[in-house]
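# Close look at the chain arrangement
One letter stands for each residue in the lines below.
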Amino acid sequence: GNMMAVWRQLVGGIAKVHARQFRGGAGWGEIKVISQGSDEAVAADPTVVGSPGGNFLVVFHQSSGGKTNVLASRINAASDAWTAPESIENYELGDAARAQVAMNRNGNAAVVWQEEPGDGSSRIMMNRLTAGVGWSGPFAINTDPYADTSLPFVALSDEGKAVIAFLYRETPAGPRSVAVVQTSD
């Protein structure tokens, strides 16, 4: 089978995301630098998922200009070429953190992350990738503007239903609990 390894490595003093694919019968391929950007763009926390068909999706954080974004890059089994990293979140006021990704056997994916707008609150965001179509656009999983949410995780069924679990606290001094949300498709 095919496998993918991703990691963060310093290149000229700047942290970049790298990937290397293993193809059954052919061995390890070349090391590819996935993250792009200016010399001050620092990449971190890469995570990878794959489908049985050999398609892979890498999600990572990249900080530049005082803001941290969630970026994604894909490789198609047939092309062996990575797409240019694209921002999958569009919140311009705060930072994104703790991105997690899941992919089903059809190559569809869901990415969740913690969005921190800078006012002491945080919310859980999600974006979905439909194979052959593209990203649907980011949306909030929780909409309580005063809630403190963190540490999201996601699973995705073959039918496209996502289950998202995260820590939730209604008030800054309140107790934490685990919230679970399921999407309809």
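This text gives an overview of the structure that appears in the document. Values in this document were obtained by computation on a predicted structure and should not be read as measured data. (Residues numbered from 1 in each chain as written. Predicted model: local features only at pLDDT ≥ 70, side-chain atom pairs only at ≥ 80, totals over all residues. Heavy atoms only, no water.)

### Structural notes on the layout of surface pockets
Reported here for the largest pocket is a volume of approximately 220 Å³. Together, 13 residues line the largest pocket, and Asn55, Arg74, Ile75, Asn76 and Ala131 are the ones closest to its centre. In terms of residue class, the lining of the largest pocket is made up of 6 nonpolar, 6 polar and 1 charged. Considered as a void within the structure, the second largest pocket measures approximately 160 Å³ in volume. If you trace the second largest pocket, you find 13 residues lining it, with Gln21, Gly29, Glu30, Lys32 and Asp80 closest to the centre. Looking at the lining of the second largest pocket, the elements with two or more residues in it are strand E2 (14-23) and strand E3 (27-33). Residues belonging to the lining of the second largest pocket are distributed by class as follows: 5 nonpolar, 3 polar and 5 charged. (1 Å grid on protein atoms, 1.4 Å probe; cavity = no way out; pocket = protein on both sides within 12 Å on 5 of 7 lines; lining within 4 Å. Points joined across faces, edges and corners; volume = space filled by probe spheres on them. Nonpolar A, V, L, I, M, F, W, Y, C, P; charged D, E, K, R; others polar. Helix = DSSP H or I, 4+ residues; strand = E, 2+ residues; numbered from the N terminus.)

### Quick word on the environment of alanine 102
Note on placement: alanine 102 falls in strand E8 (residues 95-103). In sequence terms alanine 102 and threonine 47 are 55 residues apart; their C-alpha atoms lie 9.8 Å from each other. Sequence-distant contacts of alanine 102, that is, excluding residues within four places in its chain, are made with Val49, Asn108, Ala109, Ala110, Val154, Ala155 and Leu156. (Contact = heavy atoms within 4.5 Å.)

### Re the nonpolar core
Leu57, Val59, Val70, Ile88, Val111, Trp113 and Trp135 are the most contacted members of the largest nonpolar core, which totals 16 residues. Elements with a minimum of two residues in this core: strand E5 (56-64), strand E6 (67-75), E8, strand E9 (109-116) and strand E10 (123-130). Ranked by the residues each element gives to this core, the list is headed by E8, at 4 residues. Beyond its immediate chain neighbours, meaning those up to four positions away, valine 70 contacts Val59, Phe60, His61, Glu86, Ser87, Ile88, Glu89, Ala96, Ala99, Val111 and Trp113. (Core = buried A, V, L, I, M, F, W, Y, C linked by side-chain atoms within 4.5 Å. Buried < 20%, exposed > 50% of the residue type's maximum accessible area, 1.4 Å probe, protein only.)

### Thoughts on the sheet that holds E6
Pairing is antiparallel in the open sheet, where 4 strands are placed in the order E4-E5-E6-E7. Each edge of the sheet is formed by a strand with only one pairing partner; in this case those strands are strand E4 (42-50) and strand E7 (86-87). Taken together, the 2 bridges between E6 and E7 define a ladder with antiparallel strand orientation. Bridge pairing in E7 places leucine 71 opposite serine 87. (Pairing = 2+ DSSP bridges.)

### As for the pattern of salt bridges
Applying the stated criterion across every chain yields a total of 5 salt bridges. Note that arginine 176 is salt-bridged to aspartate 148, the shortest N-O span being 3.3 Å. With arginine 176 in the loop between strand E14 (162-169) and strand E15 (177-182) and aspartate 148 in strand E13 (residues 148-156), the pair connects residues that are 28 residues apart, well separated along the chain. What you see here is one network of salt bridges that share partners, running through Asp148, Arg169 and Arg176. (Salt bridge = Lys/Arg side-chain N within 4 Å of Asp/Glu carboxyl O.)

### Comments concerning the side chain of arginine 128
Within the fold, arginine 128 resides in strand E10. A polar atom in the side chain of arginine 128 sits 3.2 Å from the side chain of threonine 183. (Polar contact = N/O pair within 3.5 Å; in protein donor to acceptor, adjacent residues only side chain to side chain.)

### Regarding the side chain of serine 150
The topology assignment puts serine 150 in strand E13. With relative accessibility at 9%, the residue serine 150 sits in the buried group. Side chain to side chain, serine 150 and arginine 176 meet in a polar contact 3.0 Å long. Once you skip the residues sitting within four places of it in the chain, serine 150 turns out to touch Gln114, Ile124, Phe166, Leu167 and Arg176.

### A few points about the environment of glutamine 9
By secondary structure assignment, the location of glutamine 9 is in strand E1 (residues 3-11). Along the backbone, glutamine 9 and aspartate 144 are 135 residues apart, and their C-alpha atoms lie at a distance of 37 Å. Leaving out residues up to four positions away in the same chain, glutamine 9 has contacts with Ile14, Ala15, Lys16 and His18.

Keep in mind these numbers describe shape, not what the thing actually does.
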